[in-house]
Structure formats: structure tokens, C-alpha cells
Amino acid sequence: MTKVLFVCLGNICRSPMAECVFNTVLERNNAETLCKVDSAGILSYHQGEQPDRRMREMAKSRGYTLIHESRPVKTQDFFDFDIIIGMDESNIEDLKDRAPSVEAMGKIHRISEFFSPGAPFDHIPDPYYGGTEGFNTTVNLLEDACENLYEWIAKGNK
Ligand code: 4NP
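This structure is a prediction, so every number in the text was calculated from the model and none was measured. (Residues numbered from 1 in each chain as written. Predicted model: local features only at pLDDT ≥ 70, side-chain atom pairs only at ≥ 80, totals over all residues. Heavy atoms only, no water.)

Undergrad: What is the right way to read the pattern of salt bridges from this model?
TA: Two side chains bearing opposite charge may form a pair once their charged atoms approach each other closely. Going through the model one piece at a time under the given rule, you end up with 12 salt bridges. Here Arg53 makes a salt bridge to Glu57, at a shortest N to O gap of 3.3 Å. Placement of the pair is Arg53 and Glu57 together in helix H2 (residues 53-61), with a separation of four residues, close to one helical turn. Residue Glu57 is classed as partly exposed on the basis of its relative accessible area, which comes to 46%. For the salt bridge of Lys96 with Glu93, the shortest nitrogen-to-oxygen distance reads 3.9 Å. (Salt bridge = Lys/Arg side-chain N within 4 Å of Asp/Glu carboxyl O. Helix = DSSP H or I, 4+ residues; strand = E, 2+ residues; numbered from the N terminus. Buried < 20%, exposed > 50% of the residue type's maximum accessible area, 1.4 Å probe, protein only.)

In C-alpha cells:
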């Protein structure tokens, strides 16, 4: 079983949505046993909170039920997970700073590695301080990335 951890800044918008979309892809492919999925934040500021209301509403309008309790990334995550995926360059830099070993550093991936060619961004823009469109873009980018991530893992990569 491949263990996948999605990481963003607050763990209330992008990474819990990533966890939800990826779990949905696994279910659709009858592949729930292929991966264990979780998400976490660089910040501990929102620890214990449900996802942002705007992200939950966008999720619902796109057919998802978004449930997660925000938690910060911890050192043990670098031992417990096989693939740790950051949503933007700042997340990647923060994850690198926290990686306890060179081996752990090798588990860090950019979400953009799984974007299809021609994707409109090279990261997932932080939707927190913007309007509704940012939350819509987050779901669009994640649906594409999670499909490609699933195929990559199903081929035996980690
Ligand atoms: P996320 O969005 O990283 O996608 O969960 C954010 C949530 C909270 C904050 C920043 C980004 N914040 O600064 O509190």
C-alpha cells in the first residue's frame, strides 16, 4: 500500500480537497486498498478545524463531501508516508526544511509533476485570500493531477 500525504499551508483548503479528490479517484477505480491518503498543513494555526466553508461549498457543488480535521505536518510523517505532495513552491521549500534525512527529502513532490501537459498553472494557487474562482480552479487542477497520480501509482511508482 502506497501512503500519500498532501500538504498545503493551512490544511483547510487545497490539501484536504486533494485528499478528497484522490480518495474519490481510488473509489471510482475500486482501488481503495492501493493507497492510504491523508493531508496536513505547514501551519498549525488551523489545527482541529474543518475545511474552510468556501472550500466545502465548492466541493459540494462539484459532487464531493469534504470532511477533514486540520493538522500540521510532523516529523513522523516523513517516515510514515511514501509520497509527500506540496501544492506550491513555498510548501516545497518548507517541507525540505523539515525533512529529517536525505531519504525523506526524496519523498517530496510538487503537485505540478502530475498536471497534464498544457495545464494553466505550474502550482495550485492559494485560494484563501481570493474569490470563488480560486476554489473552482483548485478543484479543476486537483481532478487532473489526482487522475494522473493514480495512474502513476497504479503502474508501480512511488
Ligand atoms: P490552504 O489555504 O493552504 O490551501 O489551506 C490557506 C489557509 C489558511 C491560510 C493560508 C492559506 N492562512 O494564512 O491562515
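Following the structure, the description resumes.
Undergrad: Please clarify how the layout of surface pockets should be interpreted in this entry.
TA: Unoccupied space between atoms shows up once a probe the size of one water molecule is rolled over them. Reported here for the largest pocket is a volume of approximately 170 Å³. Split into classes, the residues belonging to the lining of the largest pocket amount to nine nonpolar, three polar and two charged. (1 Å grid on protein atoms, 1.4 Å probe; cavity = no way out; pocket = protein on both sides within 12 Å on 5 of 7 lines; lining within 4 Å. Points joined across faces, edges and corners; volume = space filled by probe spheres on them. Nonpolar A, V, L, I, M, F, W, Y, C, P; charged D, E, K, R; others polar.)

Undergrad: Looking at this model, I keep getting lost on the pairing of strand E3 (residues 83-86). Mind explaining?
TA: Along any regular strand, the residues point their side chains to alternate faces of the sheet. Residues Ile83 and Ile85 point to one face of E3 and Ile84 and Gly86 to the other, with burial holding for every one of them. In the sheet, strand E1 (residues 2-8) pairs with E3 via four bridges, with the strands oriented parallel. Its bridge partner lying in E3, Val7 is registered against Gly86. For E3 and strand E4 (residues 108-110), the ladder comprises three bridges, and the chain directions are parallel. Considered in E4, the bridge of Ile85 is made with His109. (Pairing = 2+ DSSP bridges.)

Undergrad: What am I meant to see in the sheet that holds strand E2 (residues 35-41) here?
TA: In a beta sheet, neighbouring strands are held together by backbone hydrogen bonds and run either parallel or antiparallel to one another. Pairing is parallel in the open sheet, where four strands are placed in the order E2-E1-E3-E4. Strands with a single pairing partner mark the edges of an open sheet, and in this sheet they are E2 and E4. Between one strand axis and the next, the sheet turns by 25° as a mean value, whatever way the strands run. Bridging between E1 and E2 involves seven bridges; their strand directions are parallel. What sits directly across from Lys3, in E2, is Lys36. Contacts from helix H1 (residues 14-28) reach E1 and E2, with the element oriented near 170° to E2. Helix-sheet contacts for helix H4 (residues 89-98) involve E1, E3 and E4, and the interaxial angle to E4 is about 175°. (Axes fitted to C-alpha atoms, helices over the stretch in contact; angles between N-to-C directions. Contact = heavy atoms within 4.5 Å.)

Undergrad: I'm lost on the side chain of Arg14 in this one. Help?
TA: Within the secondary structure, Arg14 sits in helix H1. Taking relative accessible area as the criterion, Arg14 reaches 2% and is therefore assigned buried. For Arg14, the side chain forms a polar contact with the side chain of Asp88, separated by 3.0 Å. Beyond its immediate stretch of four places on either side in the chain, Arg14 contacts Cys8, Leu9, Met87, Asp88, Asn91, Ile124, Pro125, Asp126, Pro127, Thr138 and Leu142. (Polar contact = N/O pair within 3.5 Å; in protein donor to acceptor, adjacent residues only side chain to side chain.)

Undergrad: Looking at this structure, I do not really get the nonpolar core. What am I missing?
TA: If you look at the biggest cluster of nonpolar residues, it comprises 36 residues, and the most contacted ones within it are Val4, Phe6, Met17, Phe22, Ile85, Met87 and Ile111. Contributing elements (two or more residues each) for this core: E1, H1, E2, H2, E3 and helix H6 (132-154). It is H6 that contributes the most residues to this core, nine residues altogether. If you look at the next biggest cluster of nonpolar residues, it comprises 13 residues, including Val7, Val73, Ala99 and Ile108. (Core = buried A, V, L, I, M, F, W, Y, C linked by side-chain atoms within 4.5 Å.)

Undergrad: Would you take a moment to explain the site of the ligand for this structure?
TA: Close to the ligand lie Cys8, Leu9, Gly10, Asn11, Ile12, Cys13, Arg14, His46, Asp126, Tyr128 and Tyr129. Arg14 places a polar side-chain atom, nitrogen or oxygen, 2.8 Å from an oxygen atom of the ligand. Considering the ligand on its own, with 350 Å² of exposed area, one finds that the protein chains cover 94% of that surface. When each cavity is represented as a set of grid points, the ligand is found to reside in the largest pocket. (Near = heavy atom within 4 Å. Areas by Shrake-Rupley, 256 points an atom, 1.4 Å probe, with all protein chains shown as cover. Sits in = over half its atoms within 2 Å of the grid points.)

Geometric descriptors of this kind do not, in isolation, establish any biological role.
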